[in-house]
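Listed below are the residues making up each chain.
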Amino acid sequence: MRNMSDMQIRENFPILSKKIYDKYPLVYLDNGATTQKPLCVLDAMREEYLNANANVHRGVHYLSQQATDLHESAREKVRHFINAKNTSEIIFTRGTTESINLVASSFVEAYMKAGDEVLITAMEHHSNIVPWQLQAKKNGIIIKVIPMSDDGILDIEAIENLITERTKLISVTHVSNVLGTINPVKEIVAIAHKNGIPCMVDGAQSAPHMKIDVQDLDCDFFAFSGHKMYGPTGIGVLYGKEKYLEEMPPYQGGGEMIGTVSFEKTTFADLPFKFEAGTPDYVATHGLATAIDFMENIGISNIEAHERKLTSYALAQMQTIPEMRIFGPLDAERHDAVISFLVGNIHHLDMGTLLDRLGIAVRTGHHCAEPLMHRLGINGTVRASFAIYNTKEEIDILINGIKRVSQMF
């Protein structure tokens, strides 16, 4: 599959052949919100439901053991994908949002008290803002924000100035879902560790597009979602170093996460099950593992190179459009596969709606990053985001569509 052409890759995604309004071919550029799913993922999940559907871990019968094997082999697949040391460091969640909420709840309970601080950045998604605000209201922690430049580059030097003896965690996005900025998380982690502070990385927009090595990054927590990397919805991952996960209390209580239960006392299961209360979405974990296989068969480096070419080409072509305003770095080496823009005084919703009438699917609005919009002095953007199945020809259709809409105004 590593030598597959664009057309051969696209054949794995029948939805890409869909006609929009029975007229225009679909140009799907909303991959930052969710990717389309290849047939191999859909087939794998259907196959499990048909032939190995039973609740995992607790059953001694054949189907349960089959389902358990698939579920735990998916955990090993994820471990290998991000190069974690042990499968005990891999916790299945519903997605990046739940992963961050888990850390915000359990880490604060274990390690923080009123007046302690968490550092986040000016470009965070709401999922890395609101959980900390809930903890601020509940437990009195303090949120401090790492500033950025007008072109979307973090002020790394400011981190040292923001850190105090009350700083207990730094939580940053790897790639901005609006600006496309690739943050130097390895450098940020090093600064955190130099000051004795753990660091969490939101990898929702990086795991689908580049090789992730949590041991090389040395981050203490890393979160990502299956549905943004060709997998099913409702499944995600939290990686955490054992030394923190062992000390953190469970996020939810119920079945599966217990050792023993009496009406007087409950003991908890070993990692990672301590954080996996209830029946997991074991079919979705198999789908995620299949999606990882799909990506690795193409080659993560090939995916990154392809998307980097698309991003570079799109950035260059967009800059030829009069009154085009692109948010984030214009250097493709610092800009991942998402571009947010506005043209003149055209409202982002008008642009997105009219592009849709041409069969071009983009995202409009604040992209769950309202504080970033306030920092930029706008109320929303149009966002085009790319995946392995997108082509240079589709970028040309987007550019022509933007020009056509611009002429209407």
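Conventions and cut-offs
- Residues numbered from 1 in each chain as written.
- Predicted model: local features only at pLDDT ≥ 70, side-chain atom pairs only at ≥ 80, totals over all residues.
- Heavy atoms only, no water.
- Helix = DSSP H or I, 4+ residues; strand = E, 2+ residues; numbered from the N terminus.
- Rg over C-alpha atoms; globule rule 2.2 N^0.38 Å.
- Buried < 20%, exposed > 50% of the residue type's maximum accessible area, 1.4 Å probe, protein only.
- Contact = heavy atoms within 4.5 Å.
- Areas by Shrake-Rupley, 256 points an atom, 1.4 Å probe, with all protein chains shown as cover.
- Pairing = 2+ DSSP bridges.
- Axes fitted to C-alpha atoms, helices over the stretch in contact; angles between N-to-C directions.
- Expected span 1.5 Å × (residues − 1).
- Salt bridge = Lys/Arg side-chain N within 4 Å of Asp/Glu carboxyl O.

Q: I'm lost on the overall build of the protein in this one. Help?
A: Assigned secondary structure in the protein consists of 14 helices and 17 strands. On C-alpha atoms alone, the protein measures out to a radius of gyration of 22 Å, which is about the 22 Å that the 2.2 N^0.38 rule sets for 409 residues. When its C-alpha atoms are laid out on the principal axes, the protein stretches across 70 × 55 × 35 Å. Every one of the 409 residues in the protein was classed for burial, and the buried ones make up 56%. For the protein, restricting intrachain contacts to residue pairs at least 6 apart in sequence, the fraction spanning at least 24 positions comes to 71%. In the structure as shown, the protein presents an accessible area of about 17400 Å², 50% of it carried by carbon and sulfur atoms.

Q: Quick question: what am I supposed to make of the sheet that holds strand E16 (residues 363-365) here?
A: The pairing of strands in a sheet happens through backbone hydrogen bonds and is either parallel or antiparallel. Taken in spatial order, the 4 strands make up an open sheet running E13-E14-E17-E16, and their pairing is antiparallel. The open sheet has two free edges, formed respectively by strand E13 (324-327) and E16, since each of these has just one partner strand. Direction aside, neighbouring strands of the sheet carry axes that sit 30° apart on average. Here 4 bridges tie E13 to strand E14 (residues 338-343), and the two strands are oriented antiparallel to one another.

Q: Looking at this structure, how should I read helix H3 (residues 62-82)?
A: One turn of an α-helix holds 3.6 residues; hence residues three or four places apart share an orientation. Taking 1.5 Å of rise per residue, 21 residues should cover 30 Å, and H3 covers 31 Å from first to last C-alpha, within 8% of that figure. Residues of H3 that are buried: Ser64, Ala67, Thr68, His71, Ala74, Arg75, Val78, Arg79, Phe81 and Ile82. Backbone geometry just downstream of H3 places asparagine 83 in the positive-phi region, at approximately 60°.

Q: Explain the pattern of salt bridges here, please?
A: Two side chains bearing opposite charge may form a pair once their charged atoms approach each other closely. With the rule as written, the count across this model stands at 18 salt bridges. Salt-bridge contacts for arginine 363 lead to aspartate 30; the nearest nitrogen and oxygen are separated by 2.6 Å. Taken together, the residues span a long stretch of sequence, with arginine 363 in strand E16 and aspartate 30 in the loop between strand E3 (27-28) and helix H2 (39-51) at a distance of 333 residues. On the basis of relative accessibility, which here comes to 7%, the residue aspartate 30 falls in the buried class. Among the salt bridges present, the one from lysine 241 reaches aspartate 218, with a minimum N-O distance of 2.8 Å. Of this pair, lysine 241 sits in the loop between strand E10 (236-240) and helix H9 (242-247) while aspartate 218 sits in the loop between helix H8 (214-217) and strand E9 (221-225), and the two are 23 residues apart along the sequence.

Q: Could you clarify how one ought to interpret the sheet that holds E10 in this entry?
A: The 7 strands lie next to each other as E4-E10-E9-E8-E7-E5-E6, forming an open sheet whose pairing is mixed. Strand pairing shows two members of the sheet lacking a second neighbour, strand E4 (90-93) and strand E6 (142-146), which therefore form its edges. When strand polarity is set aside, the average angle formed by the axes of neighbouring strands in this sheet is 20°. Taken together, the 3 bridges between strand E8 (residues 199-202) and E9 define a ladder with parallel strand orientation. Considered in E9, the bridge of valine 201 is made with phenylalanine 222. Its contacts with the sheet place helix H5 (residues 130-139) against strand E5 (117-121), E6 and strand E7 (167-173), and it is angled at close to 145° to E6.

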